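Geometric and topological summary
Next come the chains, spelled out residue by residue.
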Amino acid sequence: MTEQETIRWLSRAYWLRIRITKMQEQRRQMQALAEGVRGMDYTRSITQGGEPSTLADAVARLVDLDAKIAEEI
């Protein structure tokens, strides 16, 4: 393996680690949201995307993140 190939592989591993770490952090946030107790906020307008509004949304996002993390690893 040449020096350039080694550098490319190390760079790829570095960026994969960063992506996995970000997804793991998102997973921790979704898990905290799913496990936490919170009330309904009727003052906000309904929007698409963003923070999950229900327990089911948070759990679905957790499952998706778990699959993505496993795929990356």
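Let me sum up the structure you'll find in this document. The residue numbers shown here count from 1 along each chain, following its written sequence. Under the rules for a predicted model, residues below a pLDDT of 70 receive no local features and side-chain atom pairs below 80 are neither given nor counted, while totals for whole chains, interfaces and linings still include all residues. Each side-chain value is derived from all of the structure's non-hydrogen atoms; neither hydrogens nor water enter the calculation.

**Focus: the overall build of the protein**
Filter applied, for reference: In this description a helix means any DSSP run of H or I spanning at least four residues, a strand means any run of E spanning at least two, and both kinds are numbered starting from the N terminus. Between buried and exposed lies partly exposed: a residue is buried under 20% and exposed over 50% of the maximum accessible area for its type, with that area taken using a 1.4 Å probe on protein chains only. Contacts are residue-level and defined by heavy atoms, with any inter-residue pair within 4.5 Å sufficient. Computed with a 1.4 Å probe, the accessible areas rest on the Shrake-Rupley method; for each residue, only the protein chains presented here act as cover.
Within the protein, the secondary structure is distributed over two helices and zero strands. Out of the 73 residues belonging to the protein, those deemed buried represent 14%. Expressed as a percentage of contacts within the protein between residues at least 6 apart in sequence, the contacts between residues at least 24 apart total 69%. Of the roughly 6,400 Å² of accessible surface on the protein, a fraction of 56% belongs to carbon and sulfur atoms.

**What to know about helix α1 (residues 3-35)**
The condition is simple: Here a helix's expected span is defined as the number of its residues, less one, multiplied by 1.5 Å.
In this model α1 runs 48 Å from its N-terminal to its C-terminal C-alpha over 33 residues, within 8% of the 48 Å that 1.5 Å per residue would give. Looking at α1, one finds that the buried residues are I20, M23, M30, L33 and A34. In this structure, the buried residues of α1 make contact with α2 (55-72).

**Here's the deal with the environment of D66**
Examined against the element boundaries, D66 turns out to sit in helix α2. Separated by 43 residues in sequence, D66 and M23 have C-alpha atoms that sit 8.5 Å apart.

**Considerations on the nonpolar core**
Within soluble globular proteins, side chains that are nonpolar generally end up buried alongside one another. Filter applied, for reference: Here the nonpolar core consists of buried residues drawn from Ala, Val, Leu, Ile, Met, Phe, Trp, Tyr and Cys, with membership extended through side-chain atoms lying within 4.5 Å.
In terms of nonpolar packing, the biggest core is built from nine residues, these being I20, M23, M30, L33, A34, A58, L62, L65 and I69. At the level of secondary structure, the elements contributing two or more residues to this core comprise α1 and α2. Tallying contributions element by element places α1 first for this core, with five residues. Excluding residues that lie within four positions of it along the chain, M23 makes contacts with L65, K68, I69 and E72.

**A short note on a nonpolar patch on the surface**
Test applied: To count toward a patch, a residue needs a relative accessible area above 30% and no salt bridge. Like charges then connect within 9 Å, nonpolar side chains (Val, Leu, Ile, Met, Phe, Trp, Tyr) within 5 Å. Criterion for a salt bridge: a side-chain nitrogen of Lys or Arg within 4 Å of a carboxyl oxygen of Asp or Glu.
Residues L55, V59 and V63 make up a contiguous nonpolar surface patch of roughly 260 Å² in combined accessible area. By secondary structure assignment, the location of L55 is in helix α2.

**Considering the packing of α1 against α2**
Counted only if it meets this: Throughout, an axis means a line fitted to C-alpha atoms (over the contacting stretch in the case of helices), and angles, computed between N-to-C directions, take values from 0 to 180 degrees. Each angle receives one of four descriptions, namely roughly parallel if under 35 degrees, roughly antiparallel if over 145, roughly perpendicular if within 65 to 115, and oblique otherwise. Note on convention: near helix rotated counterclockwise from far helix by under a right angle means a left-handed crossing. Clockwise means right-handed. Nonpolar residues are Ala, Val, Leu, Ile, Met, Phe, Trp, Tyr, Cys and Pro. Charged residues are Asp, Glu, Lys and Arg, and all others, Gly as well, are polar.
Running from N to C, α1 and α2 point in directions that differ by 160°, and their axes come no closer than 9 Å. Judged by the inter-axis angle, α1 sits roughly antiparallel to α2. Once α1 is placed against α2, the crossing between them reads as left-handed. Here α1 contributes L16, R19, I20, M23, Q24, Q26, R27, M30, Q31, L33 and A34 to the contact with α2, which in turn contributes L55, A58, V59, R61, L62, L65, D66, K68, I69 and E72. The residue makeup of the contact of α1 with α2, split by class, is twelve nonpolar, three polar and six charged.

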